[in-house]
Amino acid sequence: MTETKQAHFKGKDWITTEEWSDNELDVMLDVASDLKRKFKGRIPHRHLPDQTIFLMFFDKSTRTRNSFEAGITQLGGHGHFLTSDVMQISHGESTKDTGIILSSYGHAIAIRHDLVPGEGNAYMREVAKWADAPVINMQCDVDHPCQTLADLMTIRELRGRNTRSLKVAVSWAYAPSYAKPLSVPQGLIMLLPRFGMEVVLAHPPEYGLMPGTVAAAHANAARGGGQFHTVDNMDEAFRDADVVIPKSWGCLDTMGANPAESLRIAKQYTHWICNAERMKLAKKDVLYMHPLPADRGNEVTDEVIDGPNSVVYQEAENRLHTAKAIMALTMAVRPVDYQIG
Ligand code: CP
């Protein structure tokens with residue numbers, strides 16, 4: 001039996017999941033599921049007619065940019081794609097002036113600023129202080145809440161709404177392509193224990209995460225009935241896991257000033273790869289997840305990412321539906337109707 005509900009978080013910034021209650025996140029996911037149903041059924045869902053969102057990128061993107069651009073169009077609005085190098089930010093224009101002026105032209109400002117520890121999250125909070133419109137974090141140095149929301153949606157779709165007692169391995173993996181931000185593993189360890197999951201973080205000694213996010217993971221596990229602990233090898237994290245999320249990230253201390261140093265240190269850990277042998281340590285029906293882009297042949301073998309346990313395309317697709325839920329609920333002038341059940 002379906003039930004129609006209404007929700008609205010008008011004007012609320014989406015900067016980290018830490019600032020959103022469990023109940024608000026549940027609503028966000030229910031709206032995302034309803035928007036997915038409507039998208040698949042070609043049912044119009046123009047919750048944001050004539051609205052504008054500014055999409056500011058300080059880093060590259062495929063999924064995030066396109067999920068937001070396609071999403072705002074499907075919601076009836078328009079997205080302006082902006083890169084910091086073509087804005088006056090590159091000449092030093094202030095967060096105050098950027099926030100006030102863009103929010104006077106439109107209805108939300110979304111920002112990706114993820115490569116330098118200590119900068120991105122602070123930058124978006126400064127913009128949010130001055131902007132008269134919600135600010136949406138499309139990935140910063142601390143969190144990637146758009147990705148982790150899509151990950152939680154994917155886990156629920158495949159394992160049910162009750163995620164208590166699921167074991168999730170969040171592991172570092174070797175990648176030579178670039179020093180990837182820390183925000184995905186940090187976001188995962190903060191979010192998933194809130195929903196009762198046992199999260200095991202694995203990484204070599206040089207690849208520790210921001211202490212504040214690790215502390216939040218412990219606190220959230222204690223509050224949410226989940227568990228959180230850290231180990232120093234991939235095999236231990238993978239053993240009996242229900243979900244594995246192995247991916248690379250850079251070294252916290254040197255990543256901003258010298259990203260090449262992360263890649264140099266990583267060369268001694270090429271055996272940190274998700275392959276078929278390692279997958280056998282996990283449960284038979286384990287879900288393999290990765291936010292993408294993946295370094296095929298280094299972070300993961302083709303056999304695993306293209307294999308029966310991989311759900312990476314469903315995970316990537318859910319970026320669209322969750323991005324739309326975030327925009328609709330924070331930008332709409334009226335409460336959003338949605339169906340559950
Ligand atoms: N996962 C993710 O954020 O992908 P993009 O870097 O392509 O946006």
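Here, the structure is the one placed above.
Right, let's walk through the structure included here. (Residues numbered from 1 in each chain as written. Predicted model: local features only at pLDDT ≥ 70, side-chain atom pairs only at ≥ 80, totals over all residues. Heavy atoms only, no water.)

**Focus on the site of the ligand**
- As a matter of local geometry, the ligand sits amid Ser61, Thr62, Arg63, Thr64, Arg112, His144, Gln147, Pro291, Leu292 and Arg319.
- A distance of 2.7 Å separates an oxygen atom of the ligand from a polar atom in the side chain of Thr64.
- For the ligand, the protein covers 93% of the area, taking 250 Å² as the surface of the free molecule.
- Under a 2 Å grid-point criterion requiring more than half of the atoms, the pocket assigned to the ligand is the largest pocket.
- Looking at the shell around the ligand residue by residue, the class counts come to 2 nonpolar, 5 polar and 3 charged. (Near = heavy atom within 4 Å. Polar contact = N/O pair within 3.5 Å; in protein donor to acceptor, adjacent residues only side chain to side chain. Areas by Shrake-Rupley, 256 points an atom, 1.4 Å probe, with all protein chains shown as cover. 1 Å grid on protein atoms, 1.4 Å probe; cavity = no way out; pocket = protein on both sides within 12 Å on 5 of 7 lines; lining within 4 Å. Sits in = over half its atoms within 2 Å of the grid points. Nonpolar A, V, L, I, M, F, W, Y, C, P; charged D, E, K, R; others polar.)

**Focus: the environment of Ser104**
- Considering the arrangement of structural elements, one finds Ser104 in helix α3 (residues 95-105).
- Ser104 sits 29 residues away from Ala133 along the chain, and the two C-alpha atoms are 8.4 Å apart.
- Side-chain polar atoms of Ser104 contact the backbone oxygen of Ile101, separated by 2.7 Å. (Helix = DSSP H or I, 4+ residues; strand = E, 2+ residues; numbered from the N terminus.)

**Some remarks on empty space enclosed by the protein**
- For the structure on display, the rule yields 1 cavity of 30 Å³ or more.
- Empty space within the largest cavity amounts to approximately 30 Å³.
- Of the residues forming the lining of the largest cavity, the biggest block, 3 residues, is contributed by helix α9 (residues 259-266).
- For the lining of the largest cavity, the class distribution of residues is 8 nonpolar, 3 polar and no charged. (Points joined across faces, edges and corners; volume = space filled by probe spheres on them.)

**A look at the environment of Thr230**
- For Thr230, the position within the fold is in strand β8 (residues 227-231).
- Sequence separation between Thr230 and Ala202 is 28 residues; the distance between their C-alpha atoms is 5.8 Å.
- Those residues in contact with Thr230 that lie beyond four places of it in its chain are Leu201 and His203. (Contact = heavy atoms within 4.5 Å.)

**Here we look at the layout of surface pockets**
- If you add up the space inside the largest pocket, you get close to 440 Å³.
- Lining the largest pocket are 27 residues, and of these Asp59, Lys60, Arg112, Tyr178 and Pro293 sit closest to its centre.
- Considered class by class, the residues forming the lining of the largest pocket number 11 nonpolar, 8 polar and 8 charged.
- Here the lining of the largest pocket gathers at least three residues from each of two domains, domain 1 (3-143 + 319-340) and domain 2 (147-316).
- For the second largest pocket, the calculated volume is near 210 Å³.
- Along its surface, the second largest pocket is lined by Ala276, Met279, Lys280, Ala282, Lys283, Lys284, Val286, Glu303, Val304, Gly307, Pro308 and Asn309.
- Elements that contribute at least two residues to the lining of the second largest pocket include exactly α10 (276-279) and α11 (302-305).
- By residue class, the composition of the lining of the second largest pocket is 6 nonpolar, 2 polar and 4 charged. (Domains from an automatic or database assignment.)

Treat this as a map of the structure, not an account of what it does.
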